[in-house]
Structure formats: C-alpha cells, structure tokens
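# Survey of secondary and tertiary structure
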Amino acid sequence: MRIPGQRVKRTRLIQSEKYVVAVEVEMVIPVDDPSEPCYESETVQLLREVKERAERGDIAWLTQKGKVYAAVEAA
C-alpha cells in the first residue's frame with residue numbers, strides 16, 4: 001500500500017556481526033503527519049531481508065542492494 005506524501009531518499013546502515021550494509025531507501029513524509037518521515041511496508045521487508053542476508057554472509061546479494069563493509073575486530 002502506497003502512503004500519500006512526499007518521497008525522500010535516505011541511506012540506512014544495517015549492522016550484523018561481520019558486516020555493515022549501507023542501503024538507500026525511500027521514506028515518505030505523510031500528508032497527515034509531516035513531522036517525521038516513515039517507511040512503507042515494502043521498505044521494512046527489504047531492511048529485514050538485508051539484515052538476514054548479512055547475518056548469513058550472502059555478499060553477492062548484498063552488493064546488489066547497497067555498499068557492504070566488513071567489520072574489523074579491535075586490537
């Protein structure tokens with residue numbers, strides 16, 4: 001379901017134990033409540049899938065959706 005309102009692009013960082021994935025998503029500033037942008041259900045599903053695939057280490061899929069960074073342990 002599409003929420004009526006202005007659409008803006010934002011970069012979200014999804015973190016797992018081994019990776020951080022920067023994904024550009026679309027947020028909506030609703031006409032009824034313009035105080036804060038919100039996600040549509042499709043975007044929430046995408047963010048959940050990115051998190052799950054980052055936890056599994058599916059680098060090939062993740063690189064199609066955004067930038068993937070490897071976490072490095074501190075000395």
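Thresholds applied
Throughout this description, residue numbers start from 1 for each chain and increase along the sequence as written. Totals for whole chains, interfaces and linings use all residues, but because this is a predicted model, local features are given only for residues with pLDDT of at least 70 and pairs of side-chain atoms are given and counted only at 80 or more. Excluding hydrogens and water, the side-chain values take into account all heavy atoms of the structure. Should DSSP find at least two bridges between two strands, the strands are taken to pair. Note on conventions: DSSP H or I runs of at least 4 residues are helices, E runs of at least 2 residues are strands, and numbering of each starts at the N terminus. Think of each axis as a best-fit line through the C-alpha atoms, taken over the contacting stretch in the case of a helix, with angles from 0 to 180 degrees between the N-to-C directions. Note on contacts: a residue pair qualifies if any of its non-hydrogen atoms lie within 4.5 Å across the two residues.

### Details of the sheet that holds strand β1 (residues 5–15)
Strand order in this open sheet of three strands is β1-β2-β3, and the pairing throughout is antiparallel. The sheet is open, and its two edges are formed by β1 and β3 (67–70), each paired on a single side. Strand-to-strand twist in this sheet, taken as the mean axis angle between neighbours without regard to direction, amounts to 30°. By the bridge criterion, four bridges tie strand β2 (residues 19–30) to β3 in an arrangement that is antiparallel. Bridge pairing in β3 places Y19 opposite A70. Along the sheet, helix α1 (residues 41–56) contacts β1 and β2; its crossing angle with β2, the most-contacted strand, is approximately 175°.

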